[in-house]
Amino acid sequence: MSDNKTERMYINGEWIEGPGGQTYTAVNPATGENIKHFAKGDKSTAAMAIEAAYGAMPAWSKTPAVERGRLLREVARLMRERCDRIARVITLENGKPIKESRGEVNGAAAHFDWYAEQGQRIYGRTVPPTFANKRHIVLHQPVGVTAAITPWNFPIMLWARKLAPALAAGCTVIARPATATTLTAIEGTKCCVDAGLPKGTVNLVTGKASEVVDVFVKSDLCRKITFTGSTEIGIGLAERAAKYMKRLSLELGGQGPALVLSDADVEVAVKGVAGGKLRNNGQSCIAVNRCYVEQQIAEKFIPKLVQEVKTWKVGNGLEEDTDCGSMINEEGLNKVLEHIEDAVKKGAKLLCGGKRLMNDGLDKGYFLEPTVLTNVTDEMMCMQEETFGPLLPVMTVKDRDEAIQRANNTKYGLSAYLFTTSTKNLFEVGEALEAGTIGVNDPVPSTTIAPFGGYKMSGLGRECGVEGIEAFLETKHLSINIE
């Protein structure tokens, strides 16, 4: 796919070059080959995008919700029509299996469809007055220009998860995609352009993250920042934004526990834990990061889990039968290898995987064998930190209470997973787990129609569902003296 053409940024209805002709290059993590060259923005382009979005706000915010919805549905239609093309771009940039990329594109389109309708349900209310001469009306209005900072691991899904509700609410948007997956964001932006969204409504800027985000934070015209990324970067963003009382939505890191209780359906649990770990090669904030299995079922569960993990084929994501693609880069791969080495050195038992794959044409990419560890302890890095890769540590626990205690013993709280056939366990354990999303016998719990976000250090606010559009609205009270 590599060529000499430079893909440009999109600001105020025009595709523009970077200042001074600055560019950067994206690399296919499966092959090491260059994919595309991209215009590189800076502080001046970020400021230009904010001005464009601010200029478009009055007309867009006053556009009837039904018309905004029509345009968003057209974006969704175009995304589905172009699914194969966009999915191929995702796999080339990100490395994930092409079948997962297609699913991601369709999920992103679903966000636009959902918020096309939800934007028509931004209801206010009247409040019964305490005095006869007064009337009270509550309105919900768009918060204003929104900067959306999106990650590389789900580059079209999380782009849509931010843009769709913001646009439906009447906000204009500037997207700053991850450097590794800029072309995916460009493909999404083209869908918005071709759907007929007015100029300035959707903008796309690139450039060094710290510089571009600094402009977003400090600008009085940019009223909201929505960010998905690591907890460490999220904390830094919150500290900087606090000085300007900037509205924030933060979807941050996770360390998702999976609890396999003694009454679980073993086959369901095996498939669920393996899938919850290995989807997107483990490069997901809601991935299963550690597994706690009750001792009564451990001897049956663990060998079947290892057998299942071994069936996942590692290879180039463009091959239809690939289950695990490449990792995003060498730094990410080495971090997982460090977690494996640390655990084994401290006494963990390696049941499968554990090595970088260099054979069968994989030597130029960042491929890692899906890995299962047992005999793990709390002091190991893989039990304390988020492991962004195909490593699954399994700990045997004596009972349900110990599983809950260990699951909650983390600063994170984005997702958790529970495998049980008991209604009692479903409610009692589901209510006890400290996470924003709980998958019960379900390794893929995230959906556009239900809220998503984290407890504790895993973020602020919620995306998706009704709550997803509320994040882009301000509440106003009109108190009216009728005398």
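In this text the structure is predicted, and so the values were computed from the model without any measurement.

I keep staring at the pattern of salt bridges and nothing clicks. Help me out?
Pairing is possible between side chains of opposite charge, provided their charged atoms come close. In this structure the tally under the stated criterion is 33 salt bridges. With its nearest N and O atoms 3.6 Å apart, the salt bridge here joins D84 to R102. Within this pair, whereas D84 is found in helix α3 (residues 83-94), its partner R102 is found in helix α4 (residues 98-118), the two being separated by 18 residues in sequence. Under the relative-accessibility criterion, D84 is labelled exposed at 56%. Residue R102 is classed as partly exposed on the basis of its relative accessible area, which comes to 26%. Of the charged contacts, one joins E319 and K313 as a salt bridge, the two residues approaching to 3.7 Å between their closest N and O atoms. Where salt bridges share partners, they join K43, D214, K218 and R240 into one cluster.

Teacher, can you tell me more about the layout of surface pockets here?
Think of a ball as big as a water molecule: rolled over the atoms, this probe shows where empty space is left. Roughly 1200 Å³ of volume is contained in the largest pocket. The wall of the largest pocket is formed by 34 residues, among which W152, G229, S230, I233 and F388 lie closest to the centre. Of all the elements in the fold, those that place two or more residues in the lining of the largest pocket are α7 (209-218), β11 (222-228), α8 (231-242) and α11 (330-345). Among the elements that line the lining of the largest pocket, the one with the most residues is α8, at five residues. The residue inventory of the lining of the largest pocket, partitioned by class, reads 15 nonpolar, 12 polar and seven charged. When its volume is computed, the second largest pocket comes out at roughly 390 Å³.

Is there a simple way to explain the side chain of D323 in this structure?
Locating D323 in the fold gives a position in the loop between α10 (295-310) and α11. Looking at D323, the relative accessible area reads 18%, which means it is buried. Polar contacts involving the side chain of D323 include one to the side chain of K99, which spans 2.9 Å. If sequence neighbours within four positions are ignored, D323 has contacts with P97, K99, E100, T311, W312 and K313.

For this particular structure, what's the right way to read the packing of aromatic side chains?
Two aromatic rings, taken as a pair, are described by how far apart their centres are and by the angle between their planes. For the coordinates displayed, the defined rule picks out five aromatic pairs. The ring of F452 has R161 sitting right over it, with the charged end atom 4.8 Å from the ring centre.

Quick question: what am I supposed to make of helix α1 (residues 43-62) here?
Structurally, the α-helix is built with 3.6 residues per turn, so residues lying three or four positions apart point the same way. Taking 1.5 Å per residue, 20 residues should reach 28 Å; α1 reaches 29 Å between its end C-alpha atoms and fits that length. Of all the bends in α1, the greatest, near 40°, is centred on A56, and the proline P58 appears no more than four residues after it. Listed as buried for α1 are T45, A46, A49, I50, A52, A53, A56, M57 and W60.

Sorry, what's going on with the packing of helix α2 (residues 65-81) against helix α6 (residues 182-195) here?
The axes of two packed helices give the description: the angle between them and the distance between them. At a minimum axis distance of 8 Å, the contact between α2 and α6 shows a crossing angle of 130°. In this view, α2 runs oblique relative to α6, as classed from their interaxial angle. Both α2 and α6 take part in a crossing whose hand is right-handed. Residue-level inspection shows L71, E74, V75, L78 and M79 of α2 in contact with α6, the latter providing C191, C192, D194 and A195. Across the contact of α2 with α6, the residue classes break down as seven nonpolar, no polar and two charged.

Would you mind showing me how to read the sheet that holds strand β4 (residues 23-27) here?
What links the strands of a sheet is backbone hydrogen bonding, and the strands pair in either a parallel or an antiparallel sense. Strand order in the open sheet made by the three strands is β1-β5-β4, with mixed pairing throughout. The two strands at the open ends of the sheet, each matched to only one other strand, are β1 (6-7) and β4. By the bridge criterion, five bridges tie β4 to strand β5 (residues 34-39) in an arrangement that is antiparallel. In the sheet register, Y24 faces β5, and the bridge partner there is F38. Those strands touched by α6 are β1, β4 and β5, and its axis lies near 65° from that of β5.

What counts as what
- Residues numbered from 1 in each chain as written.
- Predicted model: local features only at pLDDT ≥ 70, side-chain atom pairs only at ≥ 80, totals over all residues.
- Heavy atoms only, no water.
- Salt bridge = Lys/Arg side-chain N within 4 Å of Asp/Glu carboxyl O.
- Helix = DSSP H or I, 4+ residues; strand = E, 2+ residues; numbered from the N terminus.
- Buried < 20%, exposed > 50% of the residue type's maximum accessible area, 1.4 Å probe, protein only.
- 1 Å grid on protein atoms, 1.4 Å probe; cavity = no way out; pocket = protein on both sides within 12 Å on 5 of 7 lines; lining within 4 Å.
- Points joined across faces, edges and corners; volume = space filled by probe spheres on them.
- Nonpolar A, V, L, I, M, F, W, Y, C, P; charged D, E, K, R; others polar.
- Polar contact = N/O pair within 3.5 Å; in protein donor to acceptor, adjacent residues only side chain to side chain.
- Contact = heavy atoms within 4.5 Å.
- Phe/Tyr/Trp six-rings, centres within 6.5 Å; stacked < 30°, edge-to-face > 60°.
- Lys NZ or Arg CZ within 6 Å of the ring centre and 35° of its normal.
- Expected span 1.5 Å × (residues − 1).
- Bend = angle between axes of the 7 residues up to and from the residue.
- Axes fitted to C-alpha atoms, helices over the stretch in contact; angles between N-to-C directions.
- Parallel < 35°, antiparallel > 145°, perpendicular 65-115°, else oblique.
- Left-handed = near helix turned anticlockwise from the far one by under 90°.
- Pairing = 2+ DSSP bridges.

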